[in-house]
Amino acid sequence: MIDKFYLPRPVLIFLLSTLGLIVFPHFFNLPVNLMVLFYLMLGWRFIGMWKPLWLPNKVLLFMLTTGGMALLYFQHQGVVGRDAGTSLFVTALGLKLLEIKSERDIYLINFLAFIVAASQFLFQQSILMAAYILFVCCVLVATLFCVNSHDHKTFSALKYASLLILQGLPISIVLFILFPRVEAPRWILFDEHRAKSGLSDTMEPGSISDLVLSDDLVFRVRFAGELPPAWQRYWRGPVLSWTDGKRWTQAPNLSVIKSPPSPQFTGLPYQYTLLMEPQNKNWVYGLEMVADYGFPVHQNANYQLVTSDDPNKRAEYTITSYTRFNTGSLSAREAQDALQLPGGASYNIKQLVTNLQGFDGDPENFIKRVLNHFKVENFHYTLTPPLAEDHPIETFLFESRQGFCSHYASAFVYLMRIADIPARVVTGYQGGELNPVGNFLEIRQSDAHAWAEVWLQNKGWVRVDPTAAIAPERIENTINPDQLVAGELIRYLSVDGHAQGAYNWLRQARQLWGHVDYNWQRWVINYDNKNQSRFLSKWGISDLKTMIYGMVAAASLIIGLLAWMLLHQKQKSTAMALRIYQRFCKKLAKQGLIISTGEGPKDFAARARFKFPAYAKEIDFISAGFIRLHYGKDPSLEELKMFRRRVARFKI
Amino acid sequence: MLALLLLMAFVYNNNLVYLLTFLLASIFFITILHTFRSLSGLSVQKVRSTPVFLGDAAGFEIRIDNPGGSARHIHITLESTERLMLKTQSQTQLTVYAMTQKRGRQQVGTITLASTFPLGLFRAWSPVRLSFETLVYPKPAQSQLPFPETPAAHVGQGLTKKGADDFYGVQEYQAGDSVKQIHWKAFAKGLGVFSKQYSGESQTEIWLDYQFTPGNTVEDRLSQLCRWVCDAEKLGVRYGFVLPGLSVSPGQGREHTRKCLEALALF
């Protein structure tokens, strides 16, 4: 179109700053030297605005390109995959900046920038990041606006860009909901798995205390009906029954053991959906005890739920649990696992068990006495107990008497096994904070917990939580991790509002945010193939064909509406004339002269003139004005304004 | 780009990339409406055109009305393209130029109004064909021939060269001034080229007659006549004008010249 290409300097400055903003978050994702290369080129282009001769010529540009590609190759060994691909686009963007020769180059740069902006979502998908990317895309659209108009003011360009985004939003939402999601085959994914913290299948001294300091979300639960009471919210994870006196591990070859018969359930069922955050283990933390679950979840021999899906992706499960249950008889294998001991017990321990009447044959009494022992003796609950390398259980029971849930659970199970009572350690999460805004529970890493399970005649496996004996607050409330780091002993955060007002306010804000984030994860990030068909089936859309028809129909409808709104200004101005005329009619109606349906303005004017001869001139003028504005050619704004003033002045 | 983004969203099952792709796609699509709107409602009217000599660019003055409530950013093309902003509810007058190829009447041709507003992804255009013409006079001849000796039938005295008697003043050199008239002293001082004017019997009349005009072809003759008409007008000589089938009695002034040039253009 335009032969000579000229890009005004403010537009170029605007574009370059935008690019700086777009690439910036990649500092967290890409190798630093590539990022430095990009920003050097960006800076070079900036300087080039005032010193055009300093910009690289063809030879230098070729060398830079070769250098950039070499760096890229050494960094990633190729250009395939998320990291390498993103680096490629960032480098290409930087190189292209140094060579802006025609308007076409500006478009190329803009399109590359959109791709770089989108690649950010491969690394992070939070709401804040989405808002940031939306903002930079708005600025990018604004630069295109500047190139194509005479208006180079930043503000008006941004305003127009936001208007475009607002108009585009409805269509994009329709497309988002109805565009058929097809899962890409696994082999296409080049994703590297990242290490995540979480419960492990072994328990060592200190292993859970690391987690307690972490505020990361593990999963969220939304109950269909009532919530179980706080003291019954035990989310079952791996069951550890083997020990060498220090380490506790899951029973070997767990996967081949046949599942035990389903427990007998009594009481109320709790139905809930569980939204797991990405995990490195395929465990699903169901409420004790799980009765019903669907594919792809299975239950292993320890009543623990595992999924056959990729745990590294967010997933949603619908589960039913009962808090009252009876697992029935004990299999020989379970008995063998639950009574396993690493060699003989020491004299001290045997003495303790004897004192607590462990060998008398009444397991339930023994359990009570052990718990009472923890309570009355000088036992403390702390996350920073002294380290005991050699005999952690003995050291804990007789010397330090300080520990946290894993110490109490392991010591308790050990004592039970000495007394020949089948027992094992269960790890998982306990509690969870209720988000009153969204009415769901949020379970964080800091809720990680370990408790014990004892098999009793006629009752089956029964949960015993020794930590509850020593620190019942731990079970009723949530630990405040901020305070944990500061002090050695744990103080608890009270749920029922004894905390300071400021903290409450923060807490509410956090809950609100949690609610928003939950819905974001659930409806936006996690809107996959499965969720889509579930959501759409509510609206009666079940197959691909209807989906595509629906998408096209809805998008066309919105586009039609938009077109009507954008292109029908005439409609608007004539409607305005009509509105003003109606005001005039109302004034006459107050005086008893009502326009009848189907009566034209001329006839009505004749009647009005007859009734109010004193105002004949004014009535004629207004009627004629209306006829001209409403039925004539497009009236200008000025004419309309004049007409309105005239009607406003008309008094009768 | 959108295809690449869609591929990215598909491969990584990334809903936010999907969302961004759809958003960009809808924005790009909506700009079609905006681009269309930036032209719709505009009206183009002719204002005036001025006659030109063959070889010069003919200017056509037009007026573009923007009755809409928003400013328009358009490109207007006749032979070259011009970018233009039309303010809200405004009238803009501008002149578009077309090279002249032939003597006679020349139509404006197709004026194209186009817009790539707002994002440059689409272009809306509208060819405007106005019945709008201008006169193209013959190109004035380059050679400096003296005015023709007029047949005595028309004039009693014959041609007296423009006064060689009394010095009258100095004026800027005009093509056609005699070399003798050049004010050499001023030229030597570097003031530019001026020619001295003498007033004499300025009531002289000449006749410019097609029949007595040298030239190999019709166009050459017309071209020479055109040159004489211009020179005569410049020098303030009264002249009569004769074309086959047309005779204009001697006269002077802009209107007279226009009449003669028009006759030349349409011959």
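In this text, all values refer to a predicted model and were calculated from it rather than measured experimentally.

1. Notes on the overall build of chain A
Logical step 1: Tallying secondary structure elements over chain A gives 23 helices and 21 strands in all.
Logical step 2: Within chain A, the fraction of its 652 residues that count as buried is 48%.
Logical step 3: Surface summary for chain A: the accessible area is close to 32,500 Å², and the carbon and sulfur share equals 60%.

2. Digging into the packing of aromatic side chains
Logical step 1: Considering all chains together, one arrives at 39 aromatic pairs over all chains under this definition.
Logical step 2: When the ring of Phe145 of chain A is compared with that of Phe117 of chain B, the centres are 5.5 Å apart and the planes differ by 65 degrees; the resulting orientation is edge-to-face. Pair noted here: Phe145 of chain A is in helix α6 (residues 127–147) and Phe117 of chain B is in the loop between β8 (110–115) and β9 (124–129), and the two residues belong to different chains. Residues Phe145 of chain A and Phe117 of chain B agree in their burial class; the two are buried.
Logical step 3: Look at Tyr160 of chain A and Phe117 of chain B: their rings are 5.2 Å apart centre to centre, the planes differ by 70 degrees, and that puts the pair in the edge-to-face class. In this pair, Tyr160 of chain A sits in helix α7 (residues 154–178) while Phe117 of chain B sits in the loop between β8 and β9, so the two residues belong to two different chains.
Logical step 4: Taking relative accessible area as the criterion, Tyr160 of chain A reaches 14% and is therefore assigned buried.
Logical step 5: We classify Phe117 of chain B as buried; its relative accessible area is 6%.
Logical step 6: Above the ring of Phe176 of chain A, the side-chain terminus of Arg181 of chain A is found at 4.7 Å from the ring centroid.

3. What to know about the interface of chain A and chain B
Many analyses report the size of an interface as the accessible area lost when the parts associate.
Logical step 1: With 62 residues of chain A at the interface, the matching set in chain B holds 43 residues.
Logical step 2: Summed over both sides, the interface between chain A and chain B buries roughly 4,800 Å², with carbon and sulfur atoms accounting for 74% of that surface.
Logical step 3: For Arg83 of chain B, the salt bridge goes to Glu103 of chain A, with nearest N and O atoms at 3.6 Å.
Logical step 4: Linking chain A with chain B are twelve residue pairs in polar contact (both at pLDDT 80 or more).
Logical step 5: Those elements giving two or more residues to the side of chain A that touches chain B turn out to be α4 (82–97), α5 (103–119), α6, α7, α17 (501–525), α19 (544–567) and α23 (637–649) of chain A.
Logical step 6: A per-element tally of the side of chain A that touches chain B places α7 of chain A first, with eleven residues.
Logical step 7: Within the side of chain A that touches chain B, the residues separate by chemical class into 43 nonpolar, eleven polar and eight charged.

4. Overview of the packing of helix α10 (residues 347–355) of chain A against helix α12 (residues 392–400) of chain A
All names here are of chain A.
Logical step 1: Here α10 crosses α12 at 60 degrees, and the two axes come no closer than 10 Å. Note on packing geometry: the crossing formed by α10 with α12 is left-handed. Contacts from Asn348, Ile349 and Leu352 in α10 reach Glu394, Leu397 and Phe398 in α12.
Logical step 2: When grouped by side-chain class, the residues that make up the contact of α10 with α12 number four nonpolar, one polar and one charged.

5. With respect to the sheet that holds strand β7 (residues 283–284) of chain A
All names here are of chain A.
Logical step 1: As summarised here, the arrangement of the three strands in space is β7-β11-β10, forming an open sheet in which the pairing is antiparallel. Among the strands making up the open sheet, the edge pair consists of β7 and β10 (297–299).
Logical step 2: Note: β7 against strand β11 (residues 305–307), two bridges, orientation antiparallel. Residue pairing across strands places Trp283 opposite Val306, the latter belonging to β11.

6. Some thoughts on the packing of α19 of chain A against helix α2 (residues 15–37) of chain B
Two quantities define a packed helix pair, namely the angle between the axes and the distance from one axis to the other.
Logical step 1: Interhelical geometry of α19 of chain A versus α2 of chain B gives an angle of 25 degrees and a closest axis separation of 10 Å. As the angle between them shows, α19 of chain A and α2 of chain B are arranged roughly parallel. Helix-helix and strand crossings are classified by hand; for α19 of chain A and α2 of chain B the assignment is right-handed. Between α19 of chain A and α2 of chain B, the contacting residues are Ile559, Leu562, Ala563, Leu566 and Leu567 of chain A on the first element and Phe29, Ile30, Leu33, His34, Phe36 and Arg37 of chain B on the second.
Logical step 2: Residues that form the contact of α19 of chain A with α2 of chain B fall into these classes: nine nonpolar, one polar and one charged.

7. What to know about the pairing of strand β14 (residues 238–243) of chain B
All names here are of chain B.
Logical step 1: β14 sits mainly inside the fold: five of its six residues count as buried.
Logical step 2: Taken together, the five bridges between strand β13 (residues 205–209) and β14 define a ladder with parallel strand orientation. Paired with Trp207 across the bridge in β14 is Gly240.
Logical step 3: Alignment of β14 against strand β15 (residues 246–251), held across four bridges, turns out to be antiparallel. Note that in β15 the partner of Leu243 across the bridge is Leu246.
Logical step 4: The antiparallel pairing of β14 with β15 creates a hairpin that spans two residues between the two strands, and Gly245 there sits at a positive phi of about 85 degrees.

8. Considering helix α21 (residues 601–611) of chain A
Residue and element names in this part refer to chain A.
Logical step 1: All of the buried residues in α21 are Pro601, Phe604, Ala605 and Ala608. Down the axis of α21, the buried side of the element spans an arc of 100 degrees, and every buried residue falls inside it. Residues of α21 that are exposed and point more than 90 degrees away from the buried face comprise Lys602 and Phe610.

9. Thoughts on the environment of Phe626 of chain A
All names here are of chain A.
Logical step 1: Structurally, Phe626 is set in helix α22 (residues 616–631).
Logical step 2: For the pair Phe626 and Pro601, spaced 25 residues apart in the sequence, the C-alpha separation amounts to 8.1 Å.
Logical step 3: If near-sequence neighbours (up to four positions away) are discounted, Phe626 is found in contact with Ala577, Leu578, Tyr581, Pro601, Tyr631 and Phe643.

10. Some details on the nonpolar core
Logical step 1: Formed by 88 residues in total, the largest nonpolar core has its most connected members in Leu19, Leu93, Phe121, Ile133 and Ile171 of chain A together with Leu119 of chain B.
Logical step 2: Take this core: its biggest share by element is 15 residues, from α6 of chain A.
Logical step 3: Once residues lying within four places of it in the same chain are set aside, the contact partners of Leu19 of chain A are Phe38, Leu42, Leu93, Leu97, Ile109 and Ala113 of chain A.
Logical step 4: Residues Val413, Tyr414, Val454 and Val464 of chain A belong to the second largest nonpolar core, which totals 39 residues.

11. Some points on unusual backbone geometry
Across residues other than glycine, the phi torsion is negative in most instances, and most of the peptide bonds are trans.
Logical step 1: The peptide bond linking Glu288 of chain A to Met289 of chain A adopts the cis configuration, its omega dihedral lying at 5 degrees.
Logical step 2: By the element assignment, Met289 of chain A lies in the loop between β8 (286–287) and β9 (290–293).
Logical step 3: Residues other than glycine seldom take positive phi values, yet Asp420 of chain A does so here, at roughly 65 degrees.
Logical step 4: For Asp420 of chain A, the position within the fold is in the loop between α13 (405–418) and β15 (423–430).
Logical step 5: Since its relative accessible area comes to 57%, Asp420 of chain A is described here as exposed.
Logical step 6: For Asn13 of chain B, which is not glycine, the phi dihedral falls at a positive 50 degrees.
Logical step 7: Among the structural elements, Asn13 of chain B can be located in the loop between α1 (2–12) and α2.
Logical step 8: Judged by relative accessible area, Asn13 of chain B falls into the partly exposed class, the value being 30%.

12. Some remarks on the confidence of the model for chain A
Residue and element names in this part refer to chain A.
Logical step 1: Looking at chain A, the pLDDT average stands at 82 and 88% of residues meet or exceed 70.
Logical step 2: In the model, residues 188–195 has pLDDT below 50 throughout and makes 16 contacts with residues more than four positions away in sequence or in other chains.
Logical step 3: Ignoring residues within four places in sequence, the model shows residues 478–499, a span with pLDDT below 50, making 38 contacts including any to other chains.

13. Observations regarding the pairing of strand β5 (residues 81–86) of chain B
All names here are of chain B.
Logical step 1: Pairing analysis gives six bridges linking strand β4 (residues 72–77) to β5, with the strands arranged antiparallel. In the strand pairing of β5, His73 is matched with Met85.
Logical step 2: Between β4 and β5, which follow one another and run antiparallel, lie three residues.

What counts, and where the lines are drawn
Residues numbered from 1 in each chain as written. Chains lettered and ligands numbered in written order. Predicted model: local features only at pLDDT ≥ 70, side-chain atom pairs only at ≥ 80, totals over all residues. Heavy atoms only, no water. Helix = DSSP H or I, 4+ residues; strand = E, 2+ residues; numbered from the N terminus. Buried < 20%, exposed > 50% of the residue type's maximum accessible area, 1.4 Å probe, protein only. Areas by Shrake-Rupley, 256 points an atom, 1.4 Å probe, with all protein chains shown as cover. Phe/Tyr/Trp six-rings, centres within 6.5 Å; stacked < 30°, edge-to-face > 60°. Lys NZ or Arg CZ within 6 Å of the ring centre and 35° of its normal. Contact = heavy atoms within 4.5 Å. Buried area = accessible area lost by both parts, 1.4 Å probe. Salt bridge = Lys/Arg side-chain N within 4 Å of Asp/Glu carboxyl O. Polar contact = N/O pair within 3.5 Å; in protein donor to acceptor, adjacent residues only side chain to side chain. Nonpolar A, V, L, I, M, F, W, Y, C, P; charged D, E, K, R; others polar. Axes fitted to C-alpha atoms, helices over the stretch in contact; angles between N-to-C directions. Left-handed = near helix turned anticlockwise from the far one by under 90°. Pairing = 2+ DSSP bridges. Parallel < 35°, antiparallel > 145°, perpendicular 65-115°, else oblique. Arc of directions from axis to C-beta. Core = buried A, V, L, I, M, F, W, Y, C linked by side-chain atoms within 4.5 Å. pLDDT = per-residue confidence, 0-100.

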